[in-house]
Protein chains: 2
Amino acid sequence: MKNAKIRLYVEHPLGQGQTVPLNRDQAHYLFGVMRLGVGAPVLLFNGRDGEWRADVTQTGKRGGELTCAEQTAPLRMPPDLWLLFAPIKKARTDFIVEKAAEMGAARICPVQTDFTNAERVRRDRLQAHAVEAAEQCGGTYVPAVDDLRKLDRMLADWPGDRQLMFCDEAEAGSVQAPGAARGGKWAILIGPEGGFSEGERARLRALPFAHVVSLGPRILRADTAAVAAMTLWQQAMGDWT
Amino acid sequence: MKNAKIRLYVEHPLGQGQTVPLNRDQAHYLFGVMRLGVGAPVLLFNGRDGEWRADVTQTGKRGGELTCAEQTAPLRMPPDLWLLFAPIKKARTDFIVEKAAEMGAARICPVQTDFTNAERVRRDRLQAHAVEAAEQCGGTYVPAVDDLRKLDRMLADWPGDRQLMFCDEAEAGSVQAPGAARGGKWAILIGPEGGFSEGERARLRALPFAHVVSLGPRILRADTAAVAAMTLWQQAMGDWT
């Protein structure tokens, strides 16, 4: 089989013999930047049909067409893990979204905490970062990025069957939640650089579904804490075996 | 006691009543940027004497002086962990150094692997990133950044009493090395984006002090892998309790 190096996320359905139209950006990338010609292989995924090797069947400046030849990987869903984080400086927020996709979060939820400055996030830009990370890390799934929501509102209507792991510099704890089963529904909450407010701390500690976790004796930046927390969770309860 | 927010790394010895001269850059930061005046408190550390609260006793455009008032934290050494990594794109290399300091590596070693493009690294710039990360994360120690060395040379004269954990996408493994004791001498090796060459793989696998570790089913970028690997190590064998 031809060896495809390029991975591309598309919205279009994928399947044996399925043709996939390209938009202007995709055509520019594949034909203008990567200089692919007719017959060149590309790996496609859409978050639903797994990964397919497709071959270029039509090139163009404003569009083009690929045709699916064979499935190269099944759809692999990540564990049912949400990453809640307080948006910080642009570059680090982009990193957190990228890392969440790489580490296997199923959903990315920017939240506004008492110490969060951000009033809104560019959801479309963050989603694009998640797509790019999925293309890079070989994932067949792209986590959805939500709009910014207030943390207290989210906690107010929190689903009763989902555990919440939060990382508090002020406290120590263990990642293994009592009775928590591998494959359960979870969320990880990463606070802003300034940490949580006293009110938020008290509220989080009182929640029956919340579990505090320690990330060691040093103060971690939010993007570092996000990767560290997802690592502990993936090893203890996720799909790292 | 006055509440000091600013943490500054200095070379000078620290101790009760010790005066600490400031260089031009430090004076510009404290007096020009942060607008501190005489009597303002600053937290100092030098990697040897712990953290001290010092008060500004002399200001100036090209220099100034601080005087140590009280020790606010003892010297806290990180575990004896080296992070070996193959330099990648500038921004991500900077991130890896920053993350290594935050996560508590004792020494940072850029290594040249078969798939490493970099011929050299700006050691001074990377060391400055480690200092800044230590100032940020509340550490009292700054990991030394080595010059770029060839991986095969490093492995050739590897200290016999130091275990090596390497992360190989192609293999699975457990972080807990057989018989490895908490507090032992370790190193973590993170490969370049292209992974290790077959020759490197074979050689690493054959080393008696090497332990392969899996970082899950997705392919992680080098900076993500560095944080994830240090997290697993810190939890299993480091100072995360």
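Conventions used here
- By convention here, each chain's residues receive numbers from 1 onward along its written sequence.
- Lettering of chains starts at A and numbering of ligands starts at 1, both following the order in which they are written.
- In keeping with the predicted nature of the model, local features appear solely for residues at pLDDT of at least 70, side-chain atom pairs appear and are counted solely at 80 or more, and the whole-chain, interface and lining totals rest on all residues.
- In computing side-chain properties, one takes all heavy atoms of the structure into account and sets aside hydrogens as well as water.
- UniProt positions are given in the numbering used here, feature names are shortened, and annotations may be inferred rather than shown by experiment.
- Residues below a pLDDT of 70 in either copy are left out; the C-alpha atoms of the rest, at least 70 in both, set the least-squares superposition of the copies.
- Contacts are assigned to residue pairs with any non-hydrogen atoms lying within 4.5 Å of each other.
- Cavities and pockets were defined on a 1 Å grid built from protein atoms only: a cavity is a group of points that admits a 1.4 Å probe but offers it no way out, a pocket is an open group of points flanked by protein on both sides within 12 Å along at least five of seven lines, and a lining residue is one with an atom within 4 Å of any such point.
- Grid points are joined across faces, edges and corners, and a volume is the space filled by probe spheres set on the points.
- Counting from the N terminus, the helices are DSSP H or I runs at least four residues long and the strands are E runs at least two residues long.
- The residue classification treats Ala, Val, Leu, Ile, Met, Phe, Trp, Tyr, Cys and Pro as nonpolar and Asp, Glu, Lys and Arg as charged. All others, Gly included, are polar.
- Note: buried area is the sum, over both parts, of the accessible area (probe 1.4 Å) each one loses when the two are combined.
- A pairing counts as a salt bridge when a side-chain nitrogen of Lys or Arg comes within 4 Å of a carboxyl oxygen of Asp or Glu.
- Whenever two N or O atoms come within 3.5 Å, that pair is a polar contact, provided that in protein one can donate a hydrogen and the other can accept it, and provided that, for residues adjacent in sequence, both atoms are side-chain atoms.
- Think of it in three bands: with a 1.4 Å probe and only protein chains considered, a residue is buried below 20% of the maximum accessible area for its type, exposed above 50%, and partly exposed in between.

Per an unreviewed UniProt entry, the recorded name for chain A is Ribosomal RNA small subunit methyltransferase E, and the organism is Salinihabitans flavidus. What UniProt records for chain A under Catalytic activity (unreviewed entry) is the sentence "uridine(1498) in 16S rRNA + S-adenosyl-L-methionine = N(3)-methyluridine(1498) in 16S rRNA + S-adenosyl-L-homocysteine + H(+)". What UniProt states about chain A under its Subcellular location (unreviewed entry) heading is, verbatim, "Cytoplasm".

*Asks:* What exactly am I supposed to notice about the relation of the copies chain A and chain B here?
*Replies:* One copy of the chain maps onto the second through a rotation around an axis plus a translation along that axis. Of the two same-sequence chains, chain A is brought onto chain B (RMSD 0.0 Å, axial shift 0.0 Å) by a rotation of 180°. Overall, the copies show the geometry of a two-fold rotation axis. In terms of C-alpha distance to the rotation axis, chain A has Ala-228 of chain A as its closest residue, with the C-alpha 3.0 Å off the axis. Most of the interface of chain A is mirrored in chain B, where 100% of its interface residues are also at the interface.

*Asks:* Sorry, what's going on with empty space enclosed by the protein here?
*Replies:* Empty space left among the atoms is revealed by rolling a probe the size of a water molecule over them. Across all of its chains, the model carries one cavity of 30 Å³ or more by this definition. Taken as a whole, the largest cavity spans an internal volume of roughly 60 Å³. Along the walls of the largest cavity sit Phe-95, Lys-99, Asp-223, Thr-224 and Val-227 of chain A together with Phe-95, Lys-99, Asp-223, Thr-224 and Val-227 of chain B, which together make up its complete lining. Listed by contribution, the elements that provide at least two residues to the lining of the largest cavity are α2 (90-103) and α6 (222-237) of chain A together with α2 (90-103) and α6 (222-237) of chain B. A breakdown of the residues in the lining of the largest cavity according to their chemical character gives four nonpolar, two polar and four charged.

*Asks:* Can you walk me through the interface of chain A and chain B in this structure?
*Replies:* Much of the literature gives interface size as the accessible area that the parts lose upon coming together. Taken together, the contact pairs 32 residues of chain A with 32 residues of chain B. Buried area between chain A and chain B, summed over both chains or domains, comes out near 2900 Å², and the portion from carbon and sulfur atoms is 54%. In this assembly, chain A and chain B are joined by 10 salt bridges. Residue Glu-98 of chain A is joined to Arg-221 of chain B by a salt bridge in which the shortest nitrogen-to-oxygen separation is 3.1 Å. Seen at the junction of chain A and chain B, the total is 20 residue pairs in polar contact (both at pLDDT 80 or more). Those elements giving two or more residues to the side of chain A that touches chain B turn out to be α2, α3 (123-137) and α6 of chain A. Examining the composition of the side of chain A that touches chain B, we find that eight residues originate from one element, α6 of chain A, more than from any other. Of the residues that constitute the side of chain A that touches chain B, the class distribution is 14 nonpolar, eight polar and 10 charged.

*Asks:* Explain the side chain of Asp-239 of chain A here, please?
*Replies:* As for its placement among the helices and strands, Asp-239 of chain A is situated in the segment after α6. Only 2.8 Å separates the side chain of Asp-239 of chain A from the side chain of Arg-218 of chain B, close enough to count as a polar contact. In this structure Asp-239 of chain A touches Arg-76, Pro-78, Pro-79 and Gln-234 of chain A together with Pro-217 and Arg-218 of chain B, once residues within four positions along its chain are discounted.

*Asks:* Sorry, what's going on with the layout of surface pockets here?
*Replies:* Computed from the structure, the second largest pocket encloses a volume of approximately 1100 Å³. In terms of lining, the second largest pocket is formed by 47 residues, of which the most central are Arg-7, Glu-135, Gln-136, Cys-137 and Gly-138 of chain B. Those elements that provide at least two residues to the lining of the second largest pocket are α6 of chain A together with β1 (7-9), β2 (19-22), α1 (24-33) and α3 (123-137) of chain B. The dominant element in the lining of the second largest pocket, judged by the number of residues it contributes, is α3 of chain B, at five residues. Classifying every residue of the lining of the second largest pocket by side-chain character gives 23 nonpolar, 10 polar and 14 charged.

*Asks:* Any chance you could explain the environment of Gly-184 of chain A here in plain terms?
*Replies:* Residue and element names in this part refer to chain A. Relative to the helices and strands, Gly-184 resides in the loop between β10 (163-167) and β11 (186-190). Since its relative accessible area comes to 23%, Gly-184 is described here as partly exposed. Each C-alpha atom of the pair Gly-184 and Ala-156 lies 21 Å from the other, and the pair is 28 residues apart in sequence. Residues contacting Gly-184, with those up to four places away along its chain left out, are Asp-80 and Trp-233.

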